[in-house]
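Chains, contacts and geometry: an overview
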Amino acid sequence: MATISVIIPCYNAGDYIEKTLRALEQQTLQDFEVIAVDDCSSDNTAEVIRTIAAGSNLQITLLQNEVNSGPALSRNRGIGASSAEFVCFCDSDDWYEEDFLQLMYKKSQEENADIVIADYYTVSSQGQKNEKVLGIQKTLSAAEALAINVDSMCIMLCRRSLFDGLELPNLRNGEDMAVIPALLSRANRIAFVEKCLYNYLYRESSASNRANDKVVDSIILSFQHVERTVSAEYQEEIEYIGVRNLIYGALLNYFKYAKNNKRADEILDAFAEKYPNWHQNKYLNQMPTYKRIFVKAAHGRFYFVLRLLAKLHTKLAG
């Protein structure tokens, strides 16, 4: 039985999945299996995986969904098929550095950690790499980790038992930030590797980069999932996650396309009803300056400022 399961949800990844799998062949730790879940691709994704599996040293299991279900349900199926002690995730157009698994597993053993998190690279379609450093230099408690902005399961190694009774919600956007807080709250120890180990390919044309009502809806639903699955003992941390994801994330996306302020009022009214003192949350000073400016403007409902900041964000991201 493998120590680690690498779970890869796939959909129309025929042009990318070979790079993902070849990087896994180069891992300096080899005690792992690959569980690829093809979500009814209309291209040659499954054929590429089968061809590579036939001539590779990798232990690859290919699962195929009967109906297109989205990445969250594909990941849930991969987790269910795993019997390993740890699971980690890789998107089908991304790839690991060659020492990803070795360093993540080594840290889990050194710190007796249930979750290990690493820094990562963003990679442009032209191949330019940028470091994304979380700046964490110690092992954290669950409460401390909940206040850190970790929004991708792909930079995490998780003890598989943390998923017992917990599934990723069926969202097309935001499933990671819906389930990560629950995982962190269940962990006894969370450790960090201070090295960029994951390569996230940023494609400007990706559907996940387009702001619209569905994206805002998904962010709202993901926070509701956090409220249901994280213990109430972490109330201030839950509130901060709401500020980070709803007040910043949902409103930022909303003002990238919206012509009126109605939905913004609804989001702020609903959040303030539950968390009337959210603007005084003790973790707000951890946010980057530009996010604090946005959040402060949201509290004052200076919508012209939010609209300006959202346009600036779109310009810089593009």
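Below, the structure is looked at part by part. Since this is a predicted model, take the numbers as computed values, not measurements.

1. Section: the packing of aromatic side chains
- Throughout the structure, instances matching the rule amount to 14 aromatic pairs.
- By way of ring pairs, the aromatic residues Phe-223, Phe-271, Tyr-275 and Trp-278 are connected into one cluster.
- Above the ring of Trp-95, the side-chain terminus of Lys-19 is found at 4.4 Å from the ring centroid.
- Here the guanidinium or amino end of Lys-129 rests over the ring plane of Tyr-121, the centre of that ring lying 4.3 Å away.

2. Notes on the side chain of Arg-75
- The residue Arg-75 is located in helix H3 (residues 71–81) in this model.
- Side chain to side chain, Arg-75 and Asp-91 meet in a polar contact 3.4 Å long.

3. Regarding the packing of helix H8 (residues 235–254) against helix H11 (residues 303–317)
- For the pair H8 and H11, interaxial distance at closest approach is 9 Å and the crossing angle is 75°. With respect to their mutual orientation, H8 and H11 come out roughly perpendicular. Of H11, the residues touching H8 (which contributes Tyr-248, Leu-251 and Leu-252) are Leu-306, Leu-309, Ala-310 and His-313.

4. Description of the pattern of salt bridges
- By the definition in use, this model includes 16 salt bridges.
- The network of salt bridges with common partners includes Glu-18, Arg-22 and Glu-25.

5. Some details on the packing of helix H1 (residues 17–25) against helix H2 (residues 45–54)
- Two elements in contact, H1 and H2, have axes separated by 10 Å at closest approach and are oriented at 25°. With respect to their mutual orientation, H1 and H2 come out roughly parallel. Considering only the axes of H1 and H2, their crossing is right-handed. In contact with Ile-17, Glu-18, Leu-21, Arg-22 and Glu-25 of H1, H2 contributes Val-48, Ile-49 and Ile-52.

6. Here's the deal with the pairing of strand E8 (residues 156–159)
- Of the two faces of E8, the one holding Met-156 and Cys-158 and the one holding Leu-157 and Arg-159 are both buried throughout.
- In this structure, strand E6 (residues 115–123) lies alongside E8, joined through three bridges in antiparallel fashion. Across the sheet, residue Ile-117 finds its bridge partner in E8, namely Met-156.

What counts and what doesn't
- The residue count restarts for each chain, going from 1 along the sequence in the order it is written.
- Confidence filtering applies because this is a predicted model: local features only for residues at pLDDT of at least 70, side-chain atom pairs given and counted only at 80 or more, and all residues used for totals across whole chains, interfaces and linings.
- The side-chain values count all of the structure's non-hydrogen atoms but skip hydrogen atoms and water molecules.
- Any Phe, Tyr or Trp ring, taking Trp's six-membered ring, that has another such ring centre within 6.5 Å forms a pair; planes under 30 degrees apart are called stacked, those over 60 apart edge-to-face, and the others tilted.
- Consider the ring centre and the ring normal. A charge sits over the ring if Lys NZ or Arg CZ is within 6 Å of that centre and within 35 degrees of that normal.
- Secondary structure elements follow DSSP: runs of H or I no shorter than four residues count as helices, runs of E no shorter than two count as strands, and numbering proceeds from the N terminus.
- The term polar contact refers here to a pair of N or O atoms within 3.5 Å; inside protein, the definition further demands a hydrogen-donor-capable atom paired with an acceptor-capable atom, and it admits residues adjacent in sequence only when both atoms are side-chain atoms.
- To obtain an axis, a line is fitted to C-alpha atoms, over the contacting stretch when the element is a helix, and the angle between two such axes runs from 0 to 180 degrees between their N-to-C directions.
- Roughly parallel here means an angle under 35 degrees, roughly antiparallel means over 145, roughly perpendicular means 65 to 115, and every remaining angle is called oblique.
- By the convention used here, residues are in contact when the closest approach between their heavy atoms is within 4.5 Å.
- Whenever Lys or Arg places a side-chain nitrogen within 4 Å of a carboxyl oxygen from Asp or Glu, that contact is recorded as a salt bridge.
- The handedness criterion is simple: a crossing whose near helix is rotated anticlockwise from the far helix by less than a right angle is left-handed, and one whose near helix is rotated clockwise is right-handed.
- Think of it in three bands: with a 1.4 Å probe and only protein chains considered, a residue is buried below 20% of the maximum accessible area for its type, exposed above 50%, and partly exposed in between.
- Strand pairing requires that DSSP identify at least two bridges connecting the strands.

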